[in-house]
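Coordinates in review
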Amino acid sequence: MASDETAAPRSSVHLVPSGGGDIHVETGVTVLDRLLEQFALYGRFDLTLAVASDSAEAQVIASGRALGAALAEPLRAEGARGNGAGYIPSAEALAHVALDLSDDPCFNSNFDLSAAHIGGLGGDLAVRFLRELALAAGIVLHVRLVEGNDTEHVLSAIFKALGVALGMACSVERGRP
């Protein structure tokens, strides 16, 4: 179990790896809420995330930081893998996410959604979310879009694959120190 109050004054997150499906997300950005619900479902996390801010951009950034900070502890828990990967489709889109713990965290991708907008969320904000999550969690995060044209499907595939990869990375392996 991990909990974190972030530097953003009205952000809180509670995350439990290998949870039972208890998911409550309220970022103020409906499309991000849905994507994070998919993330939690595919990663098998219990997740409660609440963010209140003045702008969608600030909400997205605060959400990424809060979730990343909450993931830092379970990623480094005794016996946790600390690395993971996942391929997940969403309609015509297919995304691959790979990650590992790092003292030099970063985010790398091969897609450009800067011109895309879905449900009030600019594609560049999705990239900002992923970058903030990687930096706060202390991971190297690689996201590859294998196939896909529809922005909604692309984002769905990415967040589902992110959930799978982080769920794997937070999993505790028996017999591992």
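Provided above is the structure to which this section pertains.
In what follows, the accompanying structure is described. What you see is a predicted model; the values in this text were computed from it and never measured.

**With respect to the sheet that holds strand S6 (residues 93–101)**
Spatially, the four strands line up as an open sheet ordered S5-S6-S10-S7, and their pairing is mixed. Looking along the sheet, the strands with just one partner apiece sit at the ends: strand S5 (83–90) and strand S7 (106–109). With strand direction ignored, the average angle separating the axes of adjacent strands in the sheet is 10°. Of the pairings in the sheet, the one linking S7 to strand S10 (residues 139–147) comprises four bridges and is parallel in character. Each residue of the ladder has a partner; that of serine 109, found in S10, is valine 143. Each of S5, S6 and S10 touches helix H4 (residues 151–170); the most contacted strand, S5, lies at about 150° to it.

**Quick look at the pattern of salt bridges**
Within the structure shown, the criterion is met by four salt bridges. Put simply, arginine 65 and glutamate 132 hold a salt bridge, and the shortest N to O gap is 2.8 Å. With a gap of 67 residues between them, arginine 65 in helix H2 (residues 56–75) and glutamate 132 in helix H3 (residues 123–137) connect regions that are remote in the sequence.

**Some points on the packing of H2 against H4**
Where H2 meets H4, the axes come as close as 9 Å, and the angle between the chain directions of the two elements is 40°. Packed against H2, whose contacting residues are Leu71, Pro74 and Leu75, the element H4 presents Leu166, Ala169 and Cys170 at the interface.

**Details of the environment of leucine 35**
Note on placement: leucine 35 falls in helix H1 (residues 30–43). Between the C-alpha atoms of leucine 35 and leucine 75, which are 40 residues apart in sequence, the distance is 21 Å.

**A word on the nonpolar core**
In this structure, Phe39, Leu67, Leu71, Leu141 and Leu166 are the most contacted members of the largest nonpolar core, which totals 54 residues. Secondary-structure elements contributing two or more residues to this core are strand S2 (11–16), H1, strand S4 (46–51), H2, S6, H3, S10 and H4. Residue contributions to this core peak at 11 residues, all from H4.

**Describing H4**
The α-helix winds at 3.6 residues per turn, so residues separated by three or four positions along the chain end up facing the same way. For H4, with 20 residues, the first-to-last C-alpha span of 28 Å sits near the 28 Å given by 1.5 Å per residue. Extensive coverage of H4 is indicated by the burial of 16 of its 20 residues. At the N-terminal end of H4, a side-chain oxygen is found 3.0 Å from the backbone nitrogen of glutamate 152, two or three residues along, and the residue is aspartate 150.

Thresholds, definitions, all that
- Residues numbered from 1 in each chain as written.
- Predicted model: local features only at pLDDT ≥ 70, side-chain atom pairs only at ≥ 80, totals over all residues.
- Heavy atoms only, no water.
- Pairing = 2+ DSSP bridges.
- Helix = DSSP H or I, 4+ residues; strand = E, 2+ residues; numbered from the N terminus.
- Axes fitted to C-alpha atoms, helices over the stretch in contact; angles between N-to-C directions.
- Contact = heavy atoms within 4.5 Å.
- Salt bridge = Lys/Arg side-chain N within 4 Å of Asp/Glu carboxyl O.
- Core = buried A, V, L, I, M, F, W, Y, C linked by side-chain atoms within 4.5 Å.
- Buried < 20%, exposed > 50% of the residue type's maximum accessible area, 1.4 Å probe, protein only.
- Expected span 1.5 Å × (residues − 1).
- Polar contact = N/O pair within 3.5 Å; in protein donor to acceptor, adjacent residues only side chain to side chain.

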